[in-house]
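Residue-level structural notes
The residues making up each chain are set out below.
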Amino acid sequence: MAQSDVAAAILLAALRDFTMRLAASLILASCLAPVAAQAQNYELEPTYGDIKLTAGFENDPYAVPVVSGGEIDAASLGGECGGFIAEAPDMRVQYEAGEFPLLFGVYSEGDTTLVVNGPDGLWYCDDDSWGDGDPLVSFPSPQSGQYDIWVGSYERGTNLEATLGITEIDPMAGE
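Residues numbered from 1 in each chain as written. Predicted model: local features only at pLDDT ≥ 70, side-chain atom pairs only at ≥ 80, totals over all residues. Heavy atoms only, no water.

Below, the discussion takes up the overall build of the protein. Within the protein, the secondary structure is distributed over one helix and eleven strands. Listed N to C, the secondary structure of the protein is α-β-β-β-β-β-β-β-β-β-β-β in terms of helices and strands. Expressed as a percentage of the 175 residues in the protein, the buried residues total 37%. Of all intrachain contacts in the protein linking residues separated by at least 6 positions in sequence, the fraction that spans at least 24 positions is 76%. Per element, the accessible surface of the protein, about 9,800 Å² overall, is 55% carbon and sulfur. (Helix = DSSP H or I, 4+ residues; strand = E, 2+ residues; numbered from the N terminus. Buried < 20%, exposed > 50% of the residue type's maximum accessible area, 1.4 Å probe, protein only. Contact = heavy atoms within 4.5 Å. Areas by Shrake-Rupley, 256 points an atom, 1.4 Å probe, with all protein chains shown as cover.)

Structure follows, in structure tokens:
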């Protein structure tokens, strides 16, 4: 085998290896990144209202009683999204950011999920961050703007009484 043939074979093998690693990295990144999608209609009026909050807001946590669930499979949003949600958001928050994190959590007796469409137009989702069926979506350095929130039920056809909590106090801090 000529030296140029050996060099070509090595180059071809290196190119195949690079291509496989790049493809694997892109697949992994697509699974972990927030999702840009248009499955939910954030232009609809929120079921449980809207609120304007400014960093350092009083009444922290701000609590909203909601009923979880809907007919739309949140998995259609991709990423970590799951559960069943309504078409319209449950709550809309107009937030003016400051030096605090912004967290959305749901507390219920059953297994709920959480979907948030952030000011950047991306979808952020969670199922069991606290390991007990309660979801938490955290923005360590939140942007100012509109946050649309859907509270889902993990199981289709299940509607659970729940409380949506909006806070700047990280319950996981110090652990």
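The rest of the description comes next.
A few words now on the confidence of the model for the protein. Here the protein averages 81 in pLDDT, and 75% of its residues register 70 or above. Confidence over residues 3–38 falls short of pLDDT 50; this stretch has 18 contacts with residues more than four positions distant or in other chains. (pLDDT = per-residue confidence, 0-100.)

Let us look at the state of the cysteines. Under the counting rule described, the total for this entry stands at one disulfide. The side chain of Cys81 participates in a disulfide bridge whose partner is Cys125; the two sulfur atoms lie 1.8 Å from each other. Looking down the S-S bond of the Cys81 and Cys125 bridge, the torsion is 60°, so its handedness is right-handed. Of the two residues, Cys81 is situated in the loop between strand E3 (72–73) and strand E4 (84–85) and Cys125 in strand E8 (residues 123–126); the sequence distance between them amounts to 44 residues. You can call Cys81 buried: its relative accessible area is 8%. Look at Cys125 and you get buried, because its relative accessible area is 14%. (Disulfide = S-S within 2.5 Å.)

This part takes up unusual backbone geometry. With an omega dihedral of 10°, the bond running from Asp60 to Pro61 counts as a cis peptide bond. Among the secondary structure elements, Pro61 is positioned in the loop between strand E1 (50–54) and strand E2 (62–67).

Here we come to the pairing of strand E7 (residues 112–117). Counted residue by residue, E7 has six buried out of six residues, so it is predominantly covered. The alternating pattern of E7 places Thr112, Leu114 and Val116 on one face and Thr113, Val115 and Asn117 on the opposite face, and all of these are buried. Of the strand pairs in this sheet, E7 and E8 are connected by four bridges, and their pairing is antiparallel. Counted as the bridge partner of Val116 is Tyr124 from E8. Between E7 and E8, which pair antiparallel in sequence order, lie five residues; one of them, Gly121, sits at a positive phi of approximately 80°. (Pairing = 2+ DSSP bridges.)

Note that Phe100 resides in the loop between strand E5 (91–96) and strand E6 (102–108). The partly exposed category is assigned to Phe100, whose relative accessible area is 33%. Expressed as a C-alpha distance, the spacing of Phe100 and Thr167, which sit 67 residues apart in the sequence, is 9.5 Å.

Looking now at the pattern of salt bridges. Inspection of every chain in the model, using the stated rule, returns one salt bridge. The partner of Asp148 in a salt bridge is Arg92, and the shortest N-O contact between them spans 2.6 Å. On the criterion of sequence distance, the pair formed by Asp148 in strand E10 (residues 145–153) and Arg92 in strand E5 is long-range, its members being 56 residues apart. Here Asp148 and Arg92 have matching classes, each one buried. (Salt bridge = Lys/Arg side-chain N within 4 Å of Asp/Glu carboxyl O.)

On to the packing of aromatic side chains, then. Each aromatic ring pair is characterised by the separation of its centres together with the angle its planes make. Inspection of the entire model under this criterion finds six aromatic pairs. Aromatic pair Phe104 and Phe139: ring centres 6.1 Å apart, planes at 85°, arrangement edge-to-face. Taken together, the residues Phe104 in strand E6 and Phe139 in strand E9 (residues 136–139) connect sequence positions 35 residues apart. Phe104 gets classed as buried once you look at its relative accessible area, which sits at 0%. Residue class for Phe139 comes out buried when judged on its relative accessible area of 10%. Ring centres of Tyr124 and Phe139 lie 4.9 Å apart, and the angle between their planes is 70°; on these two criteria the pair is classed as edge-to-face. Separated by 15 residues along the polypeptide, Tyr124 in strand E8 and Phe139 in strand E9 bring together distant segments of the chain. Among the aromatic residues, ring-to-ring pairing joins Tyr95, Phe104, Tyr124, Phe139 and Tyr147 into one connected group. (Phe/Tyr/Trp six-rings, centres within 6.5 Å; stacked < 30°, edge-to-face > 60°.)

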